[in-house]
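Chain by chain, the residues run as shown.
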Amino acid sequence: MLHGLPPILDSGVRMLILGSFPSPASLAAQRYYGHRQNQFWRLLGALFDEPLGELDYPDRQRCLLRHRVGVWDVYRCCRRQGALDSAIRSPESNDFSRLPVDAPLLQRVCFNGQTAGRLAARFQGLGYETRILPSSSPAHTLAFTSKLERWRAALL
């Protein structure tokens, strides 16, 4: 059984981006979106006009929180061979019941890809706005400029 990463979250977060589960590269590095080809940091860097790709991981985390954005995954643990979401087996969801306490200003939950987006209705039922984003994964072949346009529309 693989176990995910702790959330990037604080009491000032207004928007939470949920992925499905960290890739093997992210788990090995113990950081979100640790695979160099994943476009997550490049997308957010363009949206926030911040050089996220050039920052070390702790500075990336601080930058997200300055912009009131948190990051987590929908799954706490799962079984998976490789990095594809389609290979996820026996997933267990994270405990989101703590969000009202840990992130009391949270208003919007965005899902990085369709697999994570399967939980959108659950968050809508809790009163959050939701958006499903095109995946930042290199496996999702939508052009970067198209991804950026859709992320901008959803996040800003």
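For the structure itself, consult the block above.
Sequence order sets the numbering: in each chain, residues are counted from 1 along the sequence as written. The model is predicted, so local features are restricted to residues of pLDDT at least 70 and side-chain atom pairs to those at 80 or more, both for listing and for counting; the totals for chains, interfaces and linings are taken over all residues. As a convention, hydrogens and water are excluded, and side-chain values are obtained from all of the structure's heavy atoms.

*Asks:* An account of the environment of proline 91 is requested, with residue identities and associated values reported.
*Replies:* Along the chain, proline 91 falls in strand β5 (residues 89–93). Note on exposure labels: buried denotes an accessible area under 20% of the residue type's maximum, exposed denotes more than 50%, and partly exposed covers the range between, all computed with a 1.4 Å probe on protein chains only. A residue is classified by how much of its surface remains accessible, and proline 91, at 39% relative accessible area, is partly exposed. Along the sequence, proline 91 and cysteine 63 sit 28 residues apart, while their C-alpha atoms lie 30 Å from each other. Only heavy atoms matter for contacts: two residues are in contact if any of them lie within 4.5 Å across the pair. Setting aside residues up to four positions removed in sequence, proline 91 forms contacts with Tyr75, Cys77 and Cys78. Counting from the N terminus, the helices are the DSSP runs of H or I reaching at least four residues and the strands are the DSSP runs of E reaching at least two.

*Asks:* Describe in detail the packing of helix α2 (residues 40–48) against helix α7 (residues 144–155), supporting the description with residues and values.
*Replies:* Two numbers describe a pair of packed helices, the interaxial angle and the distance between the axes. As a rule, the C-alpha atoms of each element are fitted with a line to give its axis, helices using only the stretch in contact, and angles between N-to-C directions run from 0 to 180 degrees. Two elements in contact, α2 and α7, have axes separated by 10 Å at closest approach and are oriented at 60°. Classed by the angle they form, the pair α2 and α7 counts as oblique. The handedness of the crossing between α2 and α7 is right-handed. Along its contact with α2, which presents Phe40, Arg42, Leu43, Leu44, Ala46 and Leu47, the element α7 presents Phe144, Lys147, Leu148, Trp151, Arg152 and Leu155. In the contact of α2 with α7, the residues fall into nine nonpolar, no polar and three charged. Orientation categories follow fixed angle ranges, with anything under 35 degrees roughly parallel, anything over 145 roughly antiparallel, 65 to 115 roughly perpendicular, and all other angles oblique. Should the near helix be turned counterclockwise from the far one by less than a right angle, the crossing is left-handed, whereas a clockwise turn marks it as right-handed. Three classes are used, and their members are as follows: Ala, Val, Leu, Ile, Met, Phe, Trp, Tyr, Cys and Pro are nonpolar, Asp, Glu, Lys and Arg are charged, and the others, Gly among them, are polar.

*Asks:* Help me get a handle on the sheet that holds strand β2 (residues 15–19), residues and values and all.
*Replies:* An order of β3-β2-β6-β7 is seen for the four strands of this open sheet, with the pairing classed as parallel. The two strands at the open ends of the sheet, each matched to only one other strand, are β3 (69–73) and β7 (129–133). Adjacent strand axes in the sheet meet at a mean angle of 20° when their direction is disregarded. Note that β2 and strand β6 (residues 108–112) share four bridges and pair parallel. Its bridge partner being in β6, leucine 18 is matched across the sheet by phenylalanine 111. Pairing between two strands requires that DSSP report at least two bridges joining them.

*Asks:* If you had to explain α2 to someone new, which residues and values would you point to?
*Replies:* Among the nine residues in α2, seven count as buried, and that is most of the element. Restricting attention to buried positions, one finds in α2 the residues Phe40, Trp41, Leu43, Leu44, Gly45, Leu47 and Phe48. In this structure, the buried side of α2 is in contact with β2, α3 (57–66), β3, β6 and α7. Aspartate 49 occupies a position one or two residues after α2 and carries a positive phi of about 55°.

*Asks:* Which residues make up the sheet that holds strand β4 (residues 75–79), and what values do they have?
*Replies:* What links the strands of a sheet is backbone hydrogen bonding, and the strands pair in either a parallel or an antiparallel sense. In spatial order, the strands read β1-β4-β5; together these three strands make up an open sheet with antiparallel pairing. Lying at the two open borders of the sheet, with one neighbouring strand each, are β1 (2–3) and β5. Of the pairings in the sheet, the one linking β1 to β4 comprises two bridges and is antiparallel in character. Looking at β4, one finds that leucine 2 is bridged to cysteine 78.

*Asks:* Got a sec to walk through the side chain of serine 136? Specific residues and values, please.
*Replies:* Its place among the elements puts serine 136 in the loop between β7 and α7. At 2.8 Å, the side chain of serine 136 forms a polar contact with the side chain of asparagine 38. The term polar contact refers here to a pair of N or O atoms within 3.5 Å; inside protein, the definition further demands a hydrogen-donor-capable atom paired with an acceptor-capable atom, and it admits residues adjacent in sequence only when both atoms are side-chain atoms.

In short, the description is geometric, and any link to function would need to be established separately.
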